Amino acid sequence: MARIVRDTLGESADDMFCRECWAITGGNPFEVVELAMKGRDRGLKPHQDNIPQLRDLASDVKGSGLIDRIEQLGPSTVRLAWAAAVLGTAVPTGIVGSVAALGEAQAAQAIDQLRTARVLTVLTGLRRKEVVDFFHPLIATAVYRSIPPGVRVAMHGMAAQALVDDGHGAAAAARHLLEMHPEGDPWVVQQLRQAARDSFSAGAPDAARRYLARALREPPAIEDRAEVLFELGSANLLHDPHTTINQLRTALEEPKTEQGLREAITYRLAQALGHTGQLAQAAALLAEEARRATSSRTRLRMQAEQFKWNSVRVDEENSPARSRLLAQFAKRITGRGLAERHILGLRAWDAALRGESAATALEYAQQALDGGMSWTDQDFGFEVPAVVALTLMYCDQPGRAEELFNSAVVDFESKGWRGAHLSFVYTLLGYVRYRRGRLAEAEDFVRNGLQIADRIGQDIPAQWYAIGTLIETLLARGNVTEAKKVARTYKLADGFPQAVVYPDPQAVWGKLLLAQGRIEEAEQHLTAVGRRLDLRGTRNPSWSPWQLDLALAQVTHDPAQARATATEAVARARAFGASSIIGHALRVAATATDPARSAVLLQEAVERLEQSPAACELAHALIDHGIALHTMGDPHQAAQQLYRGMETASACGADALADRARAQLASAGLRPRRLYTSEQDTLTVAENAAARHAALGLDNTAIAKEMHTDARTVSELLSAVFTKLGTDRPGLHRAFES
């Protein structure tokens, strides 16, 4: 404010005079300008002694004094001020003059008058052109509001045309096109659609939606209406999939829709239906459109999409038949286009769910990834890259899964996609961290994913994924109270979704009941999960360890039944072959047998888990093994396992598990030593050496010989390597390459 006063009345204006100007006008810049100009016209000296006269002048600048003074400068100057207000900040003088319908000389004269009146200022822009701007944003607002409504709309239209003609592009013009009345102008529709494409590419999907909604109201020509509806529906998919469904259904009903566009609408509509839990409708839509297709490649793509959405339908009539058909498709595929690689990715996922060997699932996953997969290809969606990444995780290569999900976050955020897509990826990143035993990081990621899902809507798949993963993570940390709170907030027990969600919501609820000691209810729910998943052919305990939790419930009152349940789970885990789930199953099986047999099973569980990246599960097995060894009368070895288990649990953030180990050590008369921590992802020199030997194919005995140590030490070194790098032994070579 002092600067405005001194620029107008001279540098001699004292501080008290400037402060009074601010107080009288309430800090309103254009009133300060008006007051200072009045003072200059009256020859008022800007000193403290003249403050009473200043107050007398103040009443003259209230109300519309600024607008009145501009109007006194003449109609041409008024039009130029209006044009500048319509165009906004830092606009070249030539464009302002064009919108004001003034010649070059008239525009220059009007600008000079407005500069003298302290309304406009002239600067040099980035393109070394003179640009005009208002002395203060509030002055621009006052001028804009003074423009008669009809004139304002017309000037926005002139501004849009002038900006496009001057090469500023559709995005610069779109702001003005939004202010115009719809008149069915094809040029307006064209510019708005182009602006939407530019905004979407620049990571501004909200602006794209506004432009396309306005283009639809223009309205477009009948032959363009389906395409505009398709573009608008696609833009809404991330944040409002229910609206997308209505818009895309309308697009399909348009009479003049060429076949390629119709197919694109179908794929996008199926995505929207899938993301709102309407999976049967998505599959039916694709089946109907596949029957209409005349191209074999189109039918292949439609089939791939049907496989995708049927695979997550709870009500699918014959899941094993779909799996067999998918397996046949994958065998017959000869090409490696994106449609073919999506089928291979779905085959990898199906193999993992059904509990086929991890080697088979990994082989198909690698074939799907060869050539790359896009997270932001709107035609194909992000679902198949996501399940391929999860297949890697279930096969004990979570580090590779994280790489893929991290690239997804970068791609989504660079495009401004902060809706359901980003929610899913944050949640799944949290799920991977949970499986690796990085529980604090997992909780943080999942809460971010849940926060985004909550904004989109209730009872949608993105929300179910986040709720289940968050509860699993909280239970692993020992925070049962918070897990109960999440379940109660989101009414987990009131009903489960009609989509295949992982972790399975009913299985999560059963696990939470078990943690609360509600054994009978937990058994009922976990048994129901088993019947449902077995009917679908989903037999992999790595995907859903319902049998393991059921065995833990049964062991409290029926050890024989628990033993049978756990034995079946171990067999399934061995058939899949991933060390993490084999170790987990063996640990649970140990709870249902005699102490001697339990110690043997736990020894194998530890050995298996040391070959996996599942740090939290390893901590659990180490602690259980230490307790078993103490019971068997081997306190020295028991203490070693308990110490390792406590340190590993603490590093994972599994506080309750670490407390259990600490209590067991204390009861054995041993004082827990200070916990050792290190950078989670940084290999020590010894770990690095052991890992490189293992990557070359050496077994632990050979590595021990090379490193002049024993095989037990090598096993522990490699266990740390697998945890830090997020891989198992077969994945070491690739981990070092990357």
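Numbering of residues starts from 1 in every chain and runs along the sequence as written. The predicted origin of the model limits local features to residues at a pLDDT of at least 70 and limits the giving and counting of side-chain atom pairs to 80 or more, whereas totals for whole chains, interfaces and linings rest on all residues. Heavy atoms from the whole structure form the basis of all side-chain values; hydrogens and water molecules are not counted.

(A) Summary view of the nonpolar core. Only buried residues count toward a nonpolar core. Its members are Ala, Val, Leu, Ile, Met, Phe, Trp, Tyr and Cys residues joined through side-chain atoms within 4.5 Å. A simple rule labels every residue: compare its accessible area, found with a 1.4 Å probe on the protein chains alone, to the largest value its type can have, and call it buried under 20%, exposed over 50%, or partly exposed in between. Counting residues in hydrophobic clusters, the biggest one holds 180 residues, and the most contacted among them are Leu390, Tyr394, Phe405, Ile471 and Tyr502. Here this core takes 10 residues from helix α24 (residues 420–436), the largest share from any one element. Setting aside anything within four residues of it in sequence, one finds Leu390 in contact with Trp349, Phe405, Leu428, Tyr431 and Tyr502. Ile4, Met37, Val99 and Val122 belong to the second-largest nonpolar core, a separate cluster that totals 55 residues. In this text, helices come from DSSP runs of H or I with a minimum length of four residues, and strands from runs of E with a minimum of two, each type numbered from the N-terminal end. Residues count as neighbours in contact if any of their non-hydrogen atoms are within 4.5 Å of one another.

(B) Quick peek at the sheet that holds strand β2 (residues 120–124). When DSSP locates at least two bridges between a pair of strands, those strands are taken to pair. The antiparallel open sheet is built from three strands, whose spatial order is β1-β3-β2. Edge positions in the sheet fall to β1 (91–92) and β2, since each of these pairs with one other strand and no more. Pairing between β2 and strand β3 (residues 130–134): five bridges, direction antiparallel. Paired with Val122 across the strands is Val132, a residue of β3.

(C) View of the environment of Asn310. Relative to the helices and strands, Asn310 resides in helix α18 (residues 296–310). Separated by 40 residues in sequence, Asn310 and Asp350 have C-alpha atoms that sit 11 Å apart. In protein, a polar contact means a hydrogen-donor-capable atom and an acceptor-capable atom, both N or O and within 3.5 Å, with residues adjacent in sequence counting only if both atoms are side-chain atoms; elsewhere, any N or O pair within 3.5 Å suffices. Of the polar contacts made by the side chain of Asn310, one reaches the side chain of Arg313; its length is 2.9 Å.

(D) Broad picture of helix α12 (residues 186–201). In a helix, the anticipated span is given by 1.5 Å times the number of residues less one. Over its 16 residues, α12 extends 23 Å from the first C-alpha to the last, a length consistent with the 22 Å expected when each residue adds 1.5 Å. When α12 is considered as a whole, its buried residues turn out to be Val188, Val189, Gln191, Leu192, Arg193, Ala195, Ala196, Ser199 and Phe200. Buried residues belonging to α12 abut α10 (149–165), α11 (170–177), α13 (205–217) and α14 (225–236). Where α12 ends, the next residue or the one after it, Gly203, has phi of about 85°, a positive value.

(E) Quick look at helix α3 (residues 29–41). Over its 13 residues, α3 runs 18 Å from end to end, which matches the ideal 18 Å to within 8%, given 1.5 Å per residue. Along α3, 10 of the 13 residues are buried, which leaves the element largely enclosed by surrounding structure. Looking only at α3, the buried set comprises Pro29, Phe30, Glu31, Val32, Val33, Glu34, Leu35, Ala36, Met37 and Gly39. Once α3 finishes, Gly43 follows within two positions and takes phi at roughly 70°, a positive value.

(F) Molecular detail of the packing of aromatic side chains. Centres within 6.5 Å are what make two rings of Phe, Tyr or Trp a pair, Trp counting through its six-membered ring; a difference in plane orientation under 30 degrees is then read as stacked, over 60 as edge-to-face, and the rest as tilted. Counting across every chain of the model gives 12 aromatic pairs. Judged by centre distance (6.2 Å) and plane angle (90°), the ring pair of Phe382 and Phe412 falls under edge-to-face. One end of the pair, Phe382, is in the loop between α21 (358–369) and α22 (383–394); the other, Phe412, is in helix α23 (residues 398–414), with 30 residues separating them in the sequence. Between Phe424 and Tyr465, the aromatic rings sit 5.0 Å apart at their centres with planes inclined by 80°, giving edge-to-face as the arrangement. Of the two residues, Phe424 is situated in helix α24 and Tyr465 in helix α26 (residues 461–476); the sequence distance between them amounts to 41 residues. Across the pair, Tyr465 and Phe424 agree in class, each one buried. Counting every residue linked through ring pairs, the aromatic cluster contains Trp349, Trp375, Phe382, Tyr394, Phe405, Phe412, Phe424, Tyr465, Tyr502 and Trp543.

(G) Representation of unusual backbone geometry within the structure. Note that the residue after Glu218, namely Pro219, is joined by a cis bond; omega there is -5°. Tracing the backbone shows Pro219 in the loop between α13 and α14. Cis geometry marks the peptide bond from Tyr502 to Pro503, where omega comes out at -5°. Looking at the secondary structure, you find Pro503 in the loop between α27 (480–489) and α28 (505–515). Here Ala90, not a glycine, exhibits a phi torsion of approximately 50°, which is positive. Within the element layout of this structure, Ala90 appears in the loop between α6 (75–87) and β1. Here Ala90 falls in the partly exposed class, since its relative accessible area comes to 45%. At His708, a residue that is not glycine, the phi angle is positive and equals roughly 60°. You can see His708 is positioned in the loop between α38 (700–707) and α39 (711–725).

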